[in-house]
Amino acid sequence: MTKRELYQKAYRLLDELTPIKTDCGELCNKACCDSNDVDAGMYLFPGEEVMYRPVPPWLKIEKSDFTYGRNKPVNIAICTEPCERSLRPLACRIFPLTPYIEDNGNMIIKIDPRSAVLCPLARKNADYKLDEEFIDTVVRVFRFLARDKDIRAYILSLSQLIDEEEEYLRSFFQK
Ligand code: SF4
Ligand code: SF4
């Protein structure tokens, strides 16, 4: 499958799903979509920019400093106003979950520890449980996406980044 076909399939499967059955934006005033935060942005998965040709007016795509594989730059997407929901990037569709490759090479889906700063659903002892259908679909999506070698290499780098940021946060709060 081409990258476009892979992402079209992933977008379609996740199109109608949300982390919980009700509107979680009411819990946090849509913290993860705050377009007033100029630093806000989400990494695009490898080749995902193919879904934004032409780039819609609410989106900017830039190269980030984060790299994967053999020093390939990761694109970052920054929404400057509320998006067209049917076109929201994959990272937004799966938030606050993330794929993660463990030391033994096994890929799992877990709550991205970095999301807890913003997302009340991601905090320990959260009052709400993520919807099972949402979790199962994210698992299903990454089963086929991770067969693509670029995407797997990206998930590996992302996992290392998550480890580093978790370690930093741990040491920061121990001070
Ligand atoms: S931050 Fe979490 S709870 Fe708030 S809108 Fe985003 S996913 Fe929902
Ligand atoms: S692209 Fe859409 S879903 Fe993603 S952060 Fe921006 S407004 Fe929210």
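Before reading further, recall that the structure is shown in the block above.
The present account deals with the structure reproduced in this document. (Residues numbered from 1 in each chain as written. Chains lettered and ligands numbered in written order. Predicted model: local features only at pLDDT ≥ 70, side-chain atom pairs only at ≥ 80, totals over all residues. Heavy atoms only, no water.)

**Things to note about the overall build of the protein**
Here is step 1: In terms of helices and strands, the protein carries five helices and five strands.
Here is step 2: Mapped in sequence order, the helices and strands of the protein form the string α-α-β-β-β-α-β-β-α-α.
Here is step 3: In summary, the protein has a C-alpha radius of gyration of 16 Å against a globular reference of 16 Å for 175 residues, a match within 12%.
Here is step 4: Dimensions along the principal axes, computed over C-alpha positions, put the protein at roughly 45 × 35 × 30 Å.
Here is step 5: The burial tally for the protein puts 38% of its 175 residues in the buried class.
Here is step 6: Pairs at least 24 apart in sequence give 68% of the contacts found in the protein among residues at least 6 apart.
Here is step 7: Of the accessible surface of the protein, which amounts to about 10700 Å², a share of 49% is contributed by carbon and sulfur atoms.
Here is step 8: Computing the positive centroid from 26 side-chain charges and the negative centroid from 29, the protein places the two 5 Å apart. (Helix = DSSP H or I, 4+ residues; strand = E, 2+ residues; numbered from the N terminus. Rg over C-alpha atoms; globule rule 2.2 N^0.38 Å. Buried < 20%, exposed > 50% of the residue type's maximum accessible area, 1.4 Å probe, protein only. Contact = heavy atoms within 4.5 Å. Areas by Shrake-Rupley, 256 points an atom, 1.4 Å probe, with all protein chains shown as cover. Lys, Arg positive; Asp, Glu negative; His and termini not counted. Charge placed at Lys NZ, Arg CZ, Asp CG, Glu CD.)

**Here's the deal with the site of ligand 2**
Here is step 1: In the vicinity of ligand 2, the contacting residues are C32, C33, M42, C79, C83, P89 and C92.
Here is step 2: The class makeup of the residues in the shell around ligand 2 is seven nonpolar, no polar and no charged. (Near = heavy atom within 4 Å. Nonpolar A, V, L, I, M, F, W, Y, C, P; charged D, E, K, R; others polar.)

**Description of the site of ligand 1**
Here is step 1: Around ligand 1 sit C24, G25, C28, C32, F95, C119, P120 and L121, and those are all the residues in its vicinity.
Here is step 2: A breakdown of the residues in the shell around ligand 1 according to their chemical character gives seven nonpolar, one polar and no charged.

**Focus on the pairing of strand β4 (residues 97–101)**
Here is step 1: Where burial is concerned, most of β4 is hidden: five out of the five residues are buried.
Here is step 2: Side-chain alternation along β4 places L97, P99 and I101 on one buried face and T98 and Y100 on a second face that is also buried.
Here is step 3: Sheet topology note: the β4/strand β5 (residues 107–111) ladder contains five bridges and is antiparallel. The partner of T98 across the bridge, within β5, is K110. (Pairing = 2+ DSSP bridges.)

**Observations regarding the pattern of salt bridges**
Here is step 1: Summed over all chains, the structure comprises 10 salt bridges.
Here is step 2: Each of the salt bridges in this network shares a partner with another, and the network as a whole consists of K3, K72, D148 and D150. (Salt bridge = Lys/Arg side-chain N within 4 Å of Asp/Glu carboxyl O.)

**Focus: the sheet that holds strand β3 (residues 72–79)**
Here is step 1: Here we have three strands laid out as an open sheet, ordered β1-β3-β2, and antiparallel in their pairing. With one partner strand each, in any of the chains shown, β1 (42–43) and β2 (59–68) form the two edges of the open sheet.
Here is step 2: In this sheet, β3 lies alongside β2 in antiparallel orientation, the contact comprising seven bridges. Following the sheet pairing, Y68 is matched in β3 by K72.

**Here's the deal with helix α1 (residues 3–14)**
Here is step 1: End to end, α1 covers 16 Å across 12 residues, agreeing with the expected 16 Å (1.5 Å per residue, within 8%).
Here is step 2: Within α1, burial applies to L6, Y7, A10, Y11, L13 and L14. Buried residues of α1, seen end-on, are gathered within an arc of 165° and therefore sit on one face of the element. (Expected span 1.5 Å × (residues − 1). Arc of directions from axis to C-beta.)

**Focus on the side chain of E48**
Here is step 1: Looking at the element boundaries, E48 is found in the loop between β1 and β2.
Here is step 2: One buried charged residue, E48, forms no salt bridge at all, with the nearest opposite charge on R93 at 6.1 Å.
Here is step 3: The residues contacting E48, other than those within four sequence positions of it, are Y7, Y11, P89 and L90.

**Points about unusual backbone geometry**
Here is step 1: Geometrically, the link from R53 to P54 is a cis peptide bond, its omega value of 0° lying close to zero.
Here is step 2: One can find P54 in the loop between β1 and β2.
Here is step 3: Each neighbour pair has its own omega, and for F95 with P96 the value is 10°, a cis peptide bond.
Here is step 4: Tracing the backbone shows P96 in the loop between α3 (90–94) and β4.
Here is step 5: A positive phi angle, near 60°, is found at N29, a position not held by glycine.
Here is step 6: If you trace the backbone, N29 turns up in the loop between α2 (25–28) and β1.
Here is step 7: Its relative accessible area of 70% is what places N29 among the exposed residues.
Here is step 8: We note that N71 has phi near 60°; this positive angle belongs to a residue other than glycine.
Here is step 9: For N71, the position within the fold is in the loop between β2 and β3.
Here is step 10: On the basis of relative accessible area, N71 is assigned to the exposed category, the value being 63%.

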